[in-house]
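Each chain is listed here by its residues.
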Amino acid sequence: MKDIASIHDVAPGGTLLLDDGLLLIRDLDGDFHVTEDRCPHVGWSLRTGTLHEDAVIECPLHHGLWNLRSGDPVRYPARVPMKIHRVEVRGETVWLVD
Ligand code: FES
């Protein structure tokens, strides 16, 4: 496991670019998710993606939607699942599990 951020580094609806091209995303419920900063559609950065209810992120380029809990595509042109890394919050620290 690797500590990647403090819970105070990202507000709900925000993102934080990590090492190795990974992106930490905090959904509107306050939960944390990590994925690659490459949209599964054609690779656009998700750093300025819009967060919706139920942990859904909208890519800023073609507005595809993915669920950050499962990685499942939700709305066209999202078709390929998003790789989601496991994270844990312990105290005030966010840990990358895998
Ligand atoms: S690059 Fe993200 S939806 Fe097309």
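A few points on the structure. (Residues numbered from 1 in each chain as written. Predicted model: local features only at pLDDT ≥ 70, side-chain atom pairs only at ≥ 80, totals over all residues. Heavy atoms only, no water.)

With antiparallel pairing, the four strands of this open sheet are ordered in space as E5-E6-E7-E8. Edge positions in the sheet fall to strand E5 (50–52) and strand E8 (73–75), since each of these pairs with one other strand and no more. On average, each strand axis in the sheet is tilted by 30 degrees relative to the strand beside it, whichever way the strands run. Note: strand E6 (residues 56–58) against strand E7 (residues 65–67), three bridges, orientation antiparallel. By the bridge assignment for E7, Ile-57 is matched with Trp-66. (Pairing = 2+ DSSP bridges. Helix = DSSP H or I, 4+ residues; strand = E, 2+ residues; numbered from the N terminus. Axes fitted to C-alpha atoms, helices over the stretch in contact; angles between N-to-C directions.)

A few words on the side chain of Asp-37. By secondary structure assignment, the location of Asp-37 is in the loop between strand E4 (32–36) and E5. Polar contacts involving the side chain of Asp-37 include one to the side chain of Ser-45, which spans 3.0 Å. At 2.9 Å, the side chain of Asp-37 forms a polar contact with the side chain of Arg-47. Setting aside its immediate chain neighbours within four residues, Asp-37 contacts Leu-17, Gly-21, Leu-22, Leu-23, Trp-44, Ser-45, Leu-46 and Arg-47. (Polar contact = N/O pair within 3.5 Å; in protein donor to acceptor, adjacent residues only side chain to side chain. Contact = heavy atoms within 4.5 Å.)

Moving on, we get to the sheet that holds strand E11 (residues 93–96). In a beta sheet, neighbouring strands pair by backbone hydrogen bonds and run either parallel or antiparallel. Sheet architecture is open: three strands sit in the order E1-E11-E10, paired in antiparallel fashion. A strand with exactly one partner marks an edge of an open sheet, and here the two such strands are strand E1 (2–6) and strand E10 (87–90). Each adjacent strand pair in this sheet contributes to an overall mean axis angle of 30 degrees, direction not counted. Across four bridges, E1 lies against E11 in antiparallel orientation. By the bridge assignment for E11, Lys-2 is matched with Leu-96.

Pairing of E10 with E11, which is carried by four bridges, proceeds in the antiparallel orientation. The residue of E11 that forms the bridge with Arg-90 is Thr-93. In textbook terms, the turn of a hairpin is the stretch between consecutive antiparallel strands, and for E10 and E11 this stretch comprises two residues, one of which, Gly-91, has a positive phi near 65 degrees.

Attention now moves to the nonpolar core. Within the largest apolar cluster, twelve residues are counted, these being Leu-23, Ile-25, Cys-39, Leu-46, Leu-51, Ala-55, Ile-57, Cys-59, Trp-66, Leu-68, Ala-78 and Met-82. The residues touching Met-82, leaving out its near neighbours within four places in the chain, are Thr-35, Pro-40, Leu-46, Ile-57, Trp-66, Leu-68 and Gly-71. Membership of the second largest hydrophobic core comes to eleven residues, among which are Ile-4, Ala-5, Leu-18 and Leu-22. (Core = buried A, V, L, I, M, F, W, Y, C linked by side-chain atoms within 4.5 Å. Buried < 20%, exposed > 50% of the residue type's maximum accessible area, 1.4 Å probe, protein only.)

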